[in-house]
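The chain contents come next:
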Amino acid sequence: MPEQRKGSCQCGAVTYSVAVDPLWVGHCQCTNCQKFTGAGHATNMVVPREAVAVQGELKTYSYEADSGNHMKRHFCPTCGSPVYGESSGNESVVVIRVGTLDDPASVTPQAVIYTERGCSWDTMDPALQSFPGMIKR
Ligand SMILES: [Zn+2]
Ligand SMILES: [Zn+2]
């Protein structure tokens, strides 16, 4: 049985649950992730869209990624927590920000992407697989 995970934004107006284990968990050091987290990287988990149930109202910011894909970031309009994102490149999944889980330690990052944009002080676990940009599939 997969573990059911729950999460919320900082103020609690937005809550969500994820019914399955993530397909992928990793850190992203890209410039966009630095901007919206205000930190050196985001820690993201990719999950099937149909496994996620969100309660509460989110605001959306849309932009175009390097790849040309249209990206959407959904965040709480009250507290600003980045809750999840999605890409026109793969509409069957969403990307949840691991720090919004009630128990972020319940998932384990396996890789780091966009290391070429990482800050020198944002030291990552050398045991993780790392990629200079996006993982090529
Ligand atoms: Zn909130
Ligand atoms: Zn990123």
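Residues numbered from 1 in each chain as written. Chains lettered and ligands numbered in written order. Predicted model: local features only at pLDDT ≥ 70, side-chain atom pairs only at ≥ 80, totals over all residues. Heavy atoms only, no water.

> Which residues make up the coordination of the zinc ion (ligand 1), and what values do they have?
Looking at the zinc ion (ligand 1), one finds its protein donor set to be Cys9 (SG), Cys11 (SG), Cys76 (SG) and Cys79 (SG), positioned 2.3 to 2.4 Å from the metal centre. Around the zinc ion (ligand 1), the four donor atoms are arranged such that angles at the metal cover 106 to 115°; this shape is classified as tetrahedral. (Donors = N, O, S within 2.8 Å, 3.2 Å for Na, K, Ca; no water. Tetrahedral: all angles 85-135°; square planar, octahedral: opposite > 155°, others 65-115°.)

> Tell me what's going on with the coordination of the zinc ion (ligand 2), and back it up with residues and numbers.
Around the zinc ion (ligand 2), the protein contributes the donor atoms Cys28 (SG), Cys30 (SG) and Cys33 (SG), which lie 2.1 to 2.3 Å from the metal centre. Mapping the donors of the zinc ion (ligand 2) onto the primary sequence yields the spacing C-x1-C-x2-C.

> Which residues make up the nonpolar core, and what are the values?
Counting residues in each nonpolar core, the largest one holds 16 residues, and the members touching the most others are Val18, Met45, Val47 and Ile96. Taken together, the elements giving at least two residues each to this core come down to strand 2 (15–18), strand 4 (42–48), strand 8 (82–87) and strand 9 (93–97). When neighbours within four sequence positions are excluded, Ile96 is seen to be in contact with Tyr16, Val18, Thr43, Asn44, Met45, Val47, Val52, Val83 and Tyr84. Core analysis: the next-biggest nonpolar cluster, separate from the first, contains eleven residues, Cys28, Phe36, Val46 and Ile113 among them. (Core = buried A, V, L, I, M, F, W, Y, C linked by side-chain atoms within 4.5 Å. Buried < 20%, exposed > 50% of the residue type's maximum accessible area, 1.4 Å probe, protein only. Helix = DSSP H or I, 4+ residues; strand = E, 2+ residues; numbered from the N terminus. Contact = heavy atoms within 4.5 Å.)

> Describe in detail the sheet that holds strand 1 (residues 5–8), supporting the description with residues and values.
In spatial order, the strands read 1-2-5; together these three strands make up an open sheet with antiparallel pairing. Both outer strands of the open sheet, strand 1 and strand 5 (52–55), are each paired with one neighbouring strand and no more. With direction set aside, neighbouring strand axes in the sheet form an average angle of 15°. Looking at chain direction, strand 2 and strand 5 are connected through four bridges and run antiparallel. Note that in strand 5 the partner of Thr15 across the bridge is Gln55. (Pairing = 2+ DSSP bridges. Axes fitted to C-alpha atoms, helices over the stretch in contact; angles between N-to-C directions.)

> Account for the side chain of Ser17, naming residues and giving values.
Among the structural elements, Ser17 can be located in strand 2. A relative accessible area of 15% places Ser17 in the buried class. Setting aside chain neighbours within four positions, we find Ser17 in contact with Gln4, Arg5, Lys6, Ala51, Val52 and Ala53.

> Break down the pattern of salt bridges for me, citing the residues and quoting the values.
On inspection of all chains with the given rule, the structure shows three salt bridges. Across the pair Asp21 and Arg5 runs a salt bridge, and its minimum N-O distance is 3.0 Å. One end of the pair, Asp21, is in the loop between strand 2 and strand 3 (24–28); the other, Arg5, is in strand 1, and 16 residues separate them in sequence. Classification of Arg5 as buried rests on a relative accessible area of 8%. A salt bridge links Glu86 to Arg49, with the shortest nitrogen-to-oxygen separation between them at 2.5 Å. Pair noted here: Glu86 is in strand 8 and Arg49 is in the loop between strand 4 and strand 5, with a separation of 37 residues, a long-range link. (Salt bridge = Lys/Arg side-chain N within 4 Å of Asp/Glu carboxyl O.)

> Describe unusual backbone geometry, listing the residues and the values that go with them.
At Tyr114, a position not held by glycine, the phi torsion is positive, near 60°. By relative accessible area, Tyr114 is classed as buried at 14%.

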